[in-house]
Amino acid sequence: MRSSYTAWFAYTLIFNSTKNKGTINIMGADLMMEKTRDSVVGGTGDFFMARGIATIQTDTSQGDYYFRLKMDIKLYVNVMKIIRFYE
């Protein structure tokens, strides 16, 4: 019988609003009941080539099959996007 769970996750967050359009890709290990720091490894649209850190923590879980995550995402500045904006 397992006493703890761990997993490797790859997330794609999709944004489709009037403010932001595109995706953010996140990858890393999730130790379920511990706070982890995963990597933002890319994106599309407004988040093209996004890089950063996503702090992910399990907010709640019910049994072995349902869980809800809480994410805090900090993105680094994409210098090329700023240069294109001013051209």
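These figures come from a predicted structure and were not determined experimentally.

S.K.: Got a minute to help me understand the nonpolar core in this structure?
M.R.: Generally speaking, nonpolar side chains in soluble globular proteins are found buried as a group. Formed by F9, Y11, I24, I26, V40, F47, A50, A54 and I56, the largest nonpolar core amounts to 9 residues. For this core, the elements supplying multiple residues, two or more each, are β1 (7-16), β2 (21-30) and β4 (52-62).

S.K.: When you look at the confidence of the model for the chain in this model, what are you seeing that I'm missing?
M.R.: Where the model shows low pLDDT, its predicted coordinates should not be examined in detail. Confidence in the prediction of the chain, expressed as mean pLDDT, is 79, and 74% of residues score 70 or more. Here helix α1 (residues 79-86) is the element of the chain with the lowest mean pLDDT, 53, and β1 is the one with the highest, 87.

S.K.: Explanation requested: the pattern of salt bridges in the structure shown.
M.R.: Pairing between side chains becomes possible if they bear opposite charge and their charged atoms approach one another. Tallied over the full model, the rule gives 2 salt bridges. Among the salt bridges present, the one from D59 reaches R68, with a minimum N-O distance of 2.8 Å. For R68, a relative accessible area of 41% puts it in the partly exposed group.

S.K.: Help me understand the pairing of strand β5 (residues 66-75) in this model?
M.R.: Every regular strand shows the same layout, with side chains that alternate between the two sheet faces. Of the strand pairs in this sheet, β4 and β5 are connected by 10 bridges, and their pairing is antiparallel. In the sheet register, Q62 faces β5, and the bridge partner there is Y66. Remark: 3 residues form the turn of the hairpin made by β4 and β5, two consecutive strands paired antiparallel; G63 in that turn has positive phi of roughly 70°.

S.K.: Would you take a moment to explain the side chain of D38 for this structure?
M.R.: Secondary-structure assignment places D38 in strand β3 (residues 36-45). Since its relative accessible area comes to 3%, D38 is described here as buried. Apart from the residues lying within four places of it in its own chain, the contact partners of D38 are I26, M27, G28, A29, G52, I53, A54 and I56.

Rules used throughout
Residues numbered from 1 in each chain as written. Predicted model: local features only at pLDDT ≥ 70, side-chain atom pairs only at ≥ 80, totals over all residues. Heavy atoms only, no water. Core = buried A, V, L, I, M, F, W, Y, C linked by side-chain atoms within 4.5 Å. Buried < 20%, exposed > 50% of the residue type's maximum accessible area, 1.4 Å probe, protein only. Helix = DSSP H or I, 4+ residues; strand = E, 2+ residues; numbered from the N terminus. pLDDT = per-residue confidence, 0-100. Salt bridge = Lys/Arg side-chain N within 4 Å of Asp/Glu carboxyl O. Pairing = 2+ DSSP bridges. Contact = heavy atoms within 4.5 Å.

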